[in-house]
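Geometric and topological summary
Spelled out from the first residue to the last, the chains are:
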Amino acid sequence: MTKDMPQVTLRDVTPDDDELLVRLYHSVREPELALTGWSAAQCDAFVRMQFAAQQVHYRTHYPTGVHQIILLAGQPVGRIYWADLKDELHFLDITVLPEYRSRGIGTPLIQGFLERAAAAGKPARIFVESFNPSLRLFERLGFTCIKADGHLLLLEWRADNP
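Before going into details, it helps to say that this report is about the structure given with it. (Residues numbered from 1 in each chain as written. Predicted model: local features only at pLDDT ≥ 70, side-chain atom pairs only at ≥ 80, totals over all residues. Heavy atoms only, no water.)

1. Observations regarding the nonpolar core
Put simply, the rule reads: In these notes, a set of buried Ala, Val, Leu, Ile, Met, Phe, Trp, Tyr and Cys residues joined through side-chain atoms within 4.5 Å is what counts as a nonpolar core. We call a residue buried when its accessible area falls under 20% of the maximum for its residue type, exposed when it is over 50%, and partly exposed in between, using a 1.4 Å probe and counting protein chains only. A helix here means a DSSP run of H or I that spans at least four residues, while a strand means a run of E at least two residues long, and both kinds are numbered starting from the N terminus. When checking whether two residues touch, look at their non-hydrogen atoms; a contact exists if any pair is within 4.5 Å.
Grouped together as the largest cluster of nonpolar side chains are 45 residues, with contacts concentrated most on I70, F91, I105, I110, L114, F143 and L155. Ranked by the residues each element gives to this core, the list is headed by helix 1 (residues 18–33), at 6 residues. Here L155 is in contact with A124, R125, I126, V128, L135, F138, F143, T144 and C145, once residues within four sequence places are set aside.

In structure tokens, the structure reads:
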């Protein structure tokens, strides 16, 4: 982060964030939705249904997960969901609005979590699709693929990796 980069902070998700969270989810699904030929209303209904299912999945499988909003100079620009599990720090989801991507927001944010994982003596892990542009960010930060299932990759970072 450069000196002139506004500070990136986090706050817990509140019910008032629902529309932002749906917008973030939609931004990730946009490329595949563009191929459907659906109307805007159909896309919106699909995104809301899938978003709700994702939330249920995260809360069911990661009940201790932390859901936070990424703020840039106080402005909501993304979300980060993570869980501090017994044997790992697991990133469930990191999404930044398209207009804020590639601005250096994710790198210091993720590095802060990696410092937390290192201090606890745990690896950090995240699932990423092989075609997701964020894969380059994680690789640059030292994550390596430890498992591949089709296009879904399980990436891991360890403090003791060179």
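That was the structure; now back to the text.
2. With respect to helix 1
Spelled out, the test is: The reported bend at a residue is simply the angle between two axes, fitted to the 7 residues ending at it and to the 7 residues beginning with it.
Where helix 1 bends most, at S27, the angle is about 40°, and the proline P31 comes one to four residues later. Within helix 1 the residues assigned to the buried category are L20, L21, V22, L24, Y25, S27, R29 and L33. As for helix 1, its buried residues are in contact with helix 2 (40–61), strand 2 (66–72), strand 3 (75–84) and strand 4 (89–96).

3. What about the pattern of salt bridges?
Rules: Only one rule defines a salt bridge in this text: a Lys or Arg side-chain nitrogen within 4 Å of an Asp or Glu carboxyl oxygen.
Scanning the entire structure with this criterion turns up 10 salt bridges. Between K122 and D84 there is a salt bridge; the shortest N-O distance is 2.6 Å. Taken together, the residues K122 in the loop between helix 3 (106–120) and strand 5 (124–129) and D84 in strand 3 connect sequence positions 38 residues apart. Residue class for K122 comes out buried when judged on its relative accessible area of 17%.

4. Quick look at the packing of aromatic side chains
Worth spelling out the cut-off: Any Phe, Tyr or Trp ring, taking Trp's six-membered ring, that has another such ring centre within 6.5 Å forms a pair; planes under 30 degrees apart are called stacked, those over 60 apart edge-to-face, and the others tilted.
Evaluation of the coordinates by the stated rule reveals 6 aromatic pairs. With centroids separated by 5.6 Å and ring planes inclined at 75°, the aromatic side chains of F91 and F113 adopt a geometry described as edge-to-face. In this pair, F91 sits in strand 4 while F113 sits in helix 3, placing the two residues 22 residues apart along the sequence. Both residues of the pair, F91 and F113, belong to the buried class. Taking 5.1 Å as the distance between ring centres and 80° as the angle between the ring planes, the aromatic pair formed by F138 and F143 counts as edge-to-face. Given the relative accessible area of 3%, F143 is considered buried. One aromatic cluster is present, built from ring pairs that chain together W82, F91 and F113.

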